[in-house]
Amino acid sequence: MTMMKQVELPDGFLLRRIGMKDYEGAVQTLSGLTSVGNLTKEDYEEVLHHWSNTYLADKKTLMYNVFVIVDETAIGKVAAIGTIFLEKKLIHGGGLVGHIEDISVNPEYQGKKLGKLLIQTLTEYGLSKGCYKIILDCDVKNVGFYEKCGYSEAGIEMQIRAKM
Ligand code: ACO
């Protein structure tokens, strides 16, 4: 794995797990990535409840790990959000794969290295839990960003979508 300079969290920002109080901020920041749809506060709380109660077989490692970077100088505004999902496999000796998902930096905070810091944090988290690889899907326009975070192209994404 390529070693790269660790980005530091700027003054006034905090990196932590997502919480119930982040409803508006999380929805707003994720809207920069895709349609969040009609997600009520109750829906949000139900999802967070599911995330915080879903463990690997060891009953202590959470499968869903969603982190936010908040701007403490702006009443805890969510500046960035991202997930690493830990998947237990049969292959590779029952190994663990990390899936990086739903990365979004609020447009107001883009270009300040928060995205890179988030990816570095999620990657280190996955490796610390024993992932033998960490993967993600992204748009062609973001390939350069992920390369700057140490990732390299591997394979092609394919999909089938439910008819809406
Ligand atoms: N293409 C090439 N390089 C880029 C891009 C890009 N699209 N975006 C940033 N970079 C470079 C920066 O110039 C910087 O380079 P440097 O280290 O040499 O100075 C480096 O990557 C780190 O940039 P950051 O400032 O950390 O980037 P930012 O905080 O703006 O986050 C992100 C980048 C996440 C792509 C942000 O623009 C964003 O949220 N976009 C909208 C939502 C989105 O597309 N999310 C990714 C979806 S993929 C997924 O979820 C798995």
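The shown structure was predicted, so the numbers you read here are calculated from the model rather than taken from an experiment. (Residues numbered from 1 in each chain as written. Predicted model: local features only at pLDDT ≥ 70, side-chain atom pairs only at ≥ 80, totals over all residues. Heavy atoms only, no water.)

### Quick word on helix 1 (residues 23-30)
What helix 1 keeps buried is the set Tyr23, Gly25, Ala26 and Thr29. Along its buried surface, helix 1 packs onto helix 2 (41-51), strand 3 (77-88) and strand 4 (96-105). (Buried < 20%, exposed > 50% of the residue type's maximum accessible area, 1.4 Å probe, protein only. Helix = DSSP H or I, 4+ residues; strand = E, 2+ residues; numbered from the N terminus. Contact = heavy atoms within 4.5 Å.)

### Focus on the site of the ligand
Around the ligand there are 22 residues in total, and Ile103, Val105, Lys113, Gly115 and Lys116 lie nearest to it. At 3.4 Å from an oxygen atom of the ligand is found a main-chain nitrogen or oxygen belonging to lysine 112. Here asparagine 142 contributes a side-chain N or O atom positioned 2.9 Å from an oxygen atom of the ligand. Taken by itself the ligand offers 990 Å² of open surface, and the protein chains cover 75% of this. Counting only elements with at least two residues in the shell around the ligand, the list comes to strand 4, helix 4 (114-128) and helix 5 (143-148). A per-element tally of the shell around the ligand places strand 4 first, with five residues. Among the residues making up the shell around the ligand, the classes are represented as eight nonpolar, seven polar and seven charged. (Near = heavy atom within 4 Å. Polar contact = N/O pair within 3.5 Å; in protein donor to acceptor, adjacent residues only side chain to side chain. Areas by Shrake-Rupley, 256 points an atom, 1.4 Å probe, with all protein chains shown as cover. Nonpolar A, V, L, I, M, F, W, Y, C, P; charged D, E, K, R; others polar.)

### Observations concerning the sheet that holds strand 1 (residues 13-17)
Spatial ordering of the open sheet is given by 1-2-3-4-5, a layout of five strands whose pairing is mixed. At either end of the open sheet lies a strand with only one pairing partner, and these are strand 1 and strand 5 (131-135). Each neighbouring strand pair of the sheet contributes to a mean axis angle of 20 degrees, computed without reference to strand direction. Sheet analysis places strand 2 (residues 64-71) next to strand 3, joined by eight bridges and oriented antiparallel. By the bridge assignment, tyrosine 64 is partnered in strand 3 with phenylalanine 85. In this fold helix 4 packs onto strand 1, strand 2, strand 3, strand 4 and strand 5, with an angle of close to 25 degrees to the strand it touches most, strand 3. (Pairing = 2+ DSSP bridges. Axes fitted to C-alpha atoms, helices over the stretch in contact; angles between N-to-C directions.)

### Observations concerning the pairing of strand 5
One ladder, built from four bridges, connects strand 4 with strand 5; its direction is parallel. Looking across to strand 5, one finds that leucine 96 is bridged to cysteine 131. Handedness of the strand 4-helix 4-strand 5 crossover: right-handed. (Right-handed = clockwise from strand over helix to strand, strands pointing away.)

### Focus on the pairing of strand 4
For strand 4, the tally of buried residues reaches eight of 10 residues, placing the bulk of the element in the interior. Alignment of strand 3 against strand 4, held across eight bridges, turns out to be antiparallel. Considered in strand 4, the bridge of isoleucine 81 is made with serine 104.

### Some details on the packing of aromatic side chains
Throughout the structure, instances matching the rule amount to seven aromatic pairs. On the numbers, 6.1 Å between centres and 25 degrees between planes, the contact of tryptophan 51 with tyrosine 64 is stacked. Within this pair, whereas tryptophan 51 is found in helix 2, its partner tyrosine 64 is found in strand 2, the two being separated by 13 residues in sequence. The interplanar angle of 75 degrees and the centroid separation of 6.4 Å between the aromatic rings of tyrosine 146 and tyrosine 151 together place this pair among those described as edge-to-face. Note on tyrosine 146: relative accessible area 10%, which makes it buried. The structure contains a cluster of three or more aromatic residues connected by ring pairs, namely Trp51, Tyr64 and Phe85. (Phe/Tyr/Trp six-rings, centres within 6.5 Å; stacked < 30°, edge-to-face > 60°.)

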